[in-house]
Amino acid sequence: MNIAPALRGLPAGLPRVVPVDRKLFPDGLRTSGQHPPIESQLRPFEEFPRSLSGPTAWTAMHMIQHPEQWIHRWTEPELAELLHAVDAFIASGTPLTSISKDKFRLPTLEKILPGIRNDILNGRGFIVFSGLPIDKWGRYKAAVVIMGLSVHFGYLVSQNKLGLILGHVTNQGADYHNDLDKIKISATNAPQFYHTDETDIVGLLFCAPGETGGASGCASAHTVWNALVKERPDVAKTLASPIWHVDRKGEVTDGQEPWFKNPIFMVEPGGKERVYVKWDPYFVKSLTRFSNKGLIPPLSAEQLDAMEVLEETCQRHGIVYDCEIGDIQFVSCCQTFHSRTGFTDPPPPKPQRYLLRTWVATPEHEGGWCLPFHDSCYPKRGGIQVDNTPPVADPLTTAGGTE
């Protein structure tokens, strides 16, 4: 039997593969989940490009001066088309978990969405759609919009052990100081340092603002990489080394280890030589329960220094902006870091700060990045999948983010 080169030498710790139950996954596709990379597909720091250029390596000043390049304000005809698509989808009785391009047609917008998708994946790496009248339409219809747009970019994948393909980002009062291994920072009001999510594209719908704080940030990972190579090549090398353990925070499928290990920066296989990033400091800081037992090494002085330098460099080269109610932000997690400042919620009866989130997979054979993982060509690659937990989407009930 011939085995594709990319699949040779599969890493240990992959989940046990079981047949897909079409009663649970009607489209026959189950979220792949997080996996360690294929070691033979990784490149040493010495083989990384020393300088990256082009539309992915943007500066904050350029974005500040040209908001028209990354903010798309809906026109009245576009809103009418979106509302028609929403009403038709709801009238069809199709479950939210089964939304697809064919079930959310946008005759006019479909002419521009492929270009926007390309900008997200291969260019600037983020966009904000502004002006959705969520106060008038309501959260449910707004949720259909972000999910409908998301399936025009790729495949919706599960975000946690509950199978949520529509996540909830709001302060659930979790104690992240003492329970970091059990909660996700998106379920608190703490700052989210520059990071990437466990997917190709993350979508965020802003439903309600905080009283103070909660600003969004984006930074080009390629501009950050250029700065690190020039200013701190020792840090760039540390970040490009396969020494970083990442916590699954208990979201483990049978056969998996409770962590996986990979570099923060990787070179895209396949000849394009683009630098790919995979990073969330809160999933690295939470591993002391394992390092204290000697199961994995503790963070070294070099790693701790690299984490501080990476965050400082992202802050120096990133752009911070406030989103309004109804804004929908899509960010590539391949070459773009994103962040959120800490916030306070308004006093009752005003609602808490609230966002709905989608994770979108863009497989290699459909124009996504070629990644050094065995599921690079799988439609629902990445995400978080625990056993056979089916997909769930409920815009009105807060769930996920805490144990």
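Just above, that's the structure.
Model, not experiment: these values are computed from the prediction.

Thresholds, definitions, all that
- Residues numbered from 1 in each chain as written.
- Predicted model: local features only at pLDDT ≥ 70, side-chain atom pairs only at ≥ 80, totals over all residues.
- Heavy atoms only, no water.
- Phe/Tyr/Trp six-rings, centres within 6.5 Å; stacked < 30°, edge-to-face > 60°.
- Helix = DSSP H or I, 4+ residues; strand = E, 2+ residues; numbered from the N terminus.
- Buried < 20%, exposed > 50% of the residue type's maximum accessible area, 1.4 Å probe, protein only.
- Lys NZ or Arg CZ within 6 Å of the ring centre and 35° of its normal.
- Expected span 1.5 Å × (residues − 1).
- Core = buried A, V, L, I, M, F, W, Y, C linked by side-chain atoms within 4.5 Å.
- Polar contact = N/O pair within 3.5 Å; in protein donor to acceptor, adjacent residues only side chain to side chain.
- Contact = heavy atoms within 4.5 Å.

Caption draft 1: View of the packing of aromatic side chains. Under the defined criterion, the tally for this structure stands at 17 aromatic pairs. When the centroid spacing of 5.0 Å and the interplanar angle of 65 degrees are considered together, the rings of W259 and F290 count as edge-to-face. Here W259, found in strand β10 (residues 259-262), pairs with F290, found in helix α8 (residues 288-291); they are 31 residues apart in sequence, far enough to count as distant. For the pair W259 and F290, a shared accessibility class is recorded, and that class is buried. Taken together, a centroid distance of 6.2 Å and an interplanar angle of 50 degrees make the contact between Y276 and W369 tilted. You can see Y276 sitting in strand β12 (residues 275-277) and its partner W369 sitting in the segment after β17 (354-361), a full 93 residues away along the chain. For the pair formed by Y276 and W369, the shared burial category is buried. Put simply, the rings of F45, F48, W225, F265 and F337 pair up and form one aromatic cluster. Sitting over the face of the ring of F45, R50 holds its NZ or CZ atom 4.2 Å from the ring centroid. Just above the ring of W369 sits the side chain of R274; from NZ or CZ to the centre is 4.0 Å.

Caption draft 2: Looking closely at helix α5 (residues 139-153). In this model, α5 (15 residues) spans 21 Å end to end at C-alpha, consistent with the 21 Å of a helix rising 1.5 Å per residue. Most of α5 is tucked away, with 12 of its 15 residues classed as buried. Listing the buried residues of α5 in full gives A142, A143, V144, V145, I146, M147, G148, L149, S150, V151, H152 and F153.

Caption draft 3: Highlighting the nonpolar core. If you look at the biggest cluster of nonpolar residues, it comprises 42 residues, and the most contacted ones within it are L82, F129, L132, L149 and F330. Looking at this core, the elements that each hand over two or more residues are α2 (76-92), α3 (113-122), β2 (126-130), α4 (134-137), α5, β6 (201-208), β14 (328-332) and β17. Broken down by element, the residue count for this core peaks at 9 residues, all from α5. Y194, L228, V277 and W279 belong to the second-largest nonpolar core, a separate cluster that totals 28 residues.

Caption draft 4: Summary view of the side chain of Q329. Mapping Q329 onto the fold places it in strand β14. The class of Q329 is buried, set by a relative accessible area of 2%. Polar side-chain contacts of Q329 include one of 2.5 Å to the side chain of Y321. Beyond its immediate sequence surroundings of up to four residues, Q329 is in contact with I127, V128, V202, G203, L204, F206, S216, Y321 and C323.

Keep in mind these numbers describe shape, not what the thing actually does.
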